[in-house]
Amino acid sequence: MHSMPDLSGQEKDTSKTILSFLESCNPDKIITGIGGYGIAAVFDGSHKGPRVMIRCELDALPIPETLTDISYPSKIAGISHKCGHDGHMAIVAGLAKRLHTHRPEKGSVVLLFQPAEETGEGAEKVLSDSKFDQIQPDYVLALHNLPGFPLGQIIIRDGVFASASSGLKIHLQGKTSHAAEPESGNSPALAVAQLIQVLSSMPQFHTSLHKPAQATVIHAKVGEVAFGTSPGEGDVMVTLRAHSQDVMEYLIEKATSIAKDTANMYGLKITINSTELFPSTTNDSDIVTVIEKYAQKEGINLYHRNTPFAWSEDFGNFTSKYKGVLFGLGAGENHPALHNPEYDFPDDLIQPGINVFSEIIIQLLEQ
């Protein structure tokens, strides 16, 4: 998986490889082309019962491979698995092997290999695909490896585990003119400068201390590099983050209102688009308890996080509809960070990942 990465929405070859492997595990049903290149394998028990869905991700990142000390470097220029989705796939593939020889006694297990997590589009496309009607889980589970935590440690939190986020693209349209006659046009330069300041200060002035929020201007542009021209167009892009979905929705509404008022002040036309919308990922208390008991029984290091993670995960689309949990597996305290060119998934997490998923499945299907 590491050597043949695919970008979000382009996971054709990765999907083929996974399909071939899953066929060797003889599931009762394989659903292909779900939400794009997604694949779901269904393993049924001999008696009726609940359905548990395990999700992993197919996509890699547009980050060049820089590692020289591994025998499986990326063979695709400019693309590599720097978030560990290759390892997550390996864990769920290992789970397929286990289910091949140890079918559930009752209920069923669905292994979902989801496309386009990195862009925040995949989960929603899977859910809106009519093929998902064949799945309809009672429980949804996923994990993510987490550098900065002891290797193999389970990181869990009741309630919100990962924050909501959204990107806003703001385009301002004025009128170009000669740089010697700026009064003949309508430059968006001042509006862009004002938006950078006001949007960046939104958490300070528009959210309360007990409702964390963040606004990060990630890109801004005015006109083109033409010293004889006063610009007629401008862009501002901002990433909004919040722990809770209600604060996220408020931030989007407030940022939109501020942008429209600013455009109106300067007599500019405006278009606003949302992109990469990730809802907050919220964990179910009962499933958290199952993981806690498993860790205690096996003597596994367990860490209860006090606050949600600032990053986002589109698995929140599933937890907003079904009882579910996203938990972390420590990748090592000094391991390179996710999305870092030096990152590589630690293979020592594959077996622990299979084991914890297996235990959760057993407990949920027995209930």
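Here we summarise the structure given alongside this text.

Reading the values: rules and limits
- Residues numbered from 1 in each chain as written.
- Predicted model: local features only at pLDDT ≥ 70, side-chain atom pairs only at ≥ 80, totals over all residues.
- Heavy atoms only, no water.
- Buried < 20%, exposed > 50% of the residue type's maximum accessible area, 1.4 Å probe, protein only.
- Helix = DSSP H or I, 4+ residues; strand = E, 2+ residues; numbered from the N terminus.
- Pairing = 2+ DSSP bridges.
- Right-handed = clockwise from strand over helix to strand, strands pointing away.
- Contact = heavy atoms within 4.5 Å.
- Salt bridge = Lys/Arg side-chain N within 4 Å of Asp/Glu carboxyl O.
- Expected span 1.5 Å × (residues − 1).
- Axes fitted to C-alpha atoms, helices over the stretch in contact; angles between N-to-C directions.
- Core = buried A, V, L, I, M, F, W, Y, C linked by side-chain atoms within 4.5 Å.
- Phe/Tyr/Trp six-rings, centres within 6.5 Å; stacked < 30°, edge-to-face > 60°.
- Parallel < 35°, antiparallel > 145°, perpendicular 65-115°, else oblique.
- Left-handed = near helix turned anticlockwise from the far one by under 90°.
- Nonpolar A, V, L, I, M, F, W, Y, C, P; charged D, E, K, R; others polar.

## Some words on the pairing of strand β4 (residues 106-114)
Then, in step 1: With respect to burial, β4 is a largely interior element, 8 of its 9 residues being buried.
Then, in step 2: Direction of pairing for strand β3 (residues 47-57) relative to β4: parallel, over a ladder of 8 bridges. Bridged to E57 within β4 is Q114.
Then, in step 3: The parallel pair β3 and β4 is bridged by helix α2 (residues 85-101), and the resulting crossover is right-handed.

## Here's the deal with the environment of P336
Then, in step 1: Along the chain, the position of P336 falls in the loop between β16 (323-330) and α9 (350-366).
Then, in step 2: Along the backbone, P336 and I154 are 182 residues apart, and their C-alpha atoms lie at a distance of 18 Å.
Then, in step 3: In this view, P336 contacts P147, E342 and Y343; residues no more than four positions away in its chain are not counted.

## Notes on the environment of L338
Then, in step 1: Summarising the element assignment, L338 is placed in the loop between β16 and α9.
Then, in step 2: Taking the C-alpha atoms as reference points, L338 and Q367, 29 residues apart in sequence, are found 36 Å from one another.
Then, in step 3: Contact partners of L338, with chain neighbours within four places excluded, come to K82, C83, H144, N145, P147 and Y343.

## Describing the pattern of salt bridges
Then, in step 1: Evaluation of the coordinates by the stated rule reveals 9 salt bridges.
Then, in step 2: Between E57 and R55 there is a salt bridge, and its shortest N-O distance comes to 3.0 Å.
Then, in step 3: On the accessibility criterion, E57 (0% relative accessible area) is buried.
Then, in step 4: In this structure, the salt-bridge partner of D314 is R55, at a minimum N-O distance of 3.1 Å. Separated by 259 residues along the polypeptide, D314 in the loop between β15 (302-304) and α8 (316-319) and R55 in strand β3 bring together distant segments of the chain.
Then, in step 5: Several salt bridges converge on common partners, so that one network encompasses R55, E57, E313 and D314.

## Focus on α9
Then, in step 1: Helix length check: α9 (17 residues) gives 25 Å between terminal C-alpha atoms against 24 Å at 1.5 Å per residue, within 8%.
Then, in step 2: When α9 is considered as a whole, its buried residues turn out to be G353, I354, V356, F357, S358, E359, I360, I361, L364 and L365.

## Some details on the sheet that holds strand β5 (residues 139-146)
Then, in step 1: What the 8 strands build is an open sheet, ordered β1-β2-β4-β3-β5-β16-β6-β15; its pairing is mixed. Of all the strands in the sheet, the pair left with one neighbour each is β1 (29-34) and β15. Averaged over all neighbouring strand pairs, the angle between strand axes comes to 25°, with direction disregarded.
Then, in step 2: Here β5 runs beside β16; their pairing, made up of 8 bridges, is parallel. For Y139, the partnering residue across the bridge sits in β16 and is K323.

## Notes on the nonpolar core
Then, in step 1: In terms of nonpolar packing, the biggest core is built from 44 residues, with I54, L111, F113, L141, F327 and I360 touching the most fellow members.
Then, in step 2: For this core, the leading source of residues is α9, giving 7 residues.
Then, in step 3: Residues V126, F132, F161 and Y322 belong to the second largest nonpolar core, which totals 24 residues.

## Brief notes about the packing of aromatic side chains
By convention here, two paired aromatic rings are described through the distance between centres and the angle between planes.
Then, in step 1: Applying the stated criterion to the full structure yields 9 aromatic pairs.
Then, in step 2: For the ring pair F149 and F309, a centre distance of 6.1 Å and an interplane angle of 75° mean the geometry is edge-to-face. Here F309 lies in the loop between β15 and α8 and F149 lies in the loop between β5 and β6 (154-156), a separation of 160 residues in the sequence.
Then, in step 3: Residue classification places F149 among the buried positions, given a relative accessible area of 15%.
Then, in step 4: With relative accessibility at 6%, the residue F309 sits in the buried group.
Then, in step 5: Where F315 meets F318, the ring centres are 5.7 Å apart and the plane angle is 45°; that geometry is what we call tilted.

## Overview of the packing of α2 against α9
Then, in step 1: Direction vectors running N to C along α2 and α9 enclose 55°, while the axes themselves pass 9 Å from each other. When the axis of α2 is compared with that of α9, the two are oblique. α9 is crossed by α2, and the crossing has right-handed handedness. For the pair formed by α2 and α9, the contact residues are A90, I91, G94, L95 and R98 on the first element and I350, Q351, G353, I354, N355, F357, S358 and I361 on the second.
Then, in step 2: A breakdown of the residues in the contact of α2 with α9 according to their chemical character gives 7 nonpolar, 5 polar and 1 charged.

## Re the sheet that holds strand β10 (residues 213-222)
Then, in step 1: Strand order in the open sheet made by the 4 strands is β10-β12-β8-β13, with antiparallel pairing throughout. With partners counted over all chains shown, the strands left at the sheet margins are β10 and β13 (269-278), one partner each. Strand-to-strand, the axes of this sheet are offset by a mean angle of 15°, without reference to chain direction.
Then, in step 2: Summarising the sheet, strand β8 (residues 164-173) and β13 pair through 8 bridges and their orientation is antiparallel. If you follow K169 over to β13, its bridge partner there is N273.
Then, in step 3: On the sheet, helix α4 (residues 189-200) packs against β8, β10 and β12 (233-242) and is oriented at approximately 165° with respect to β10.

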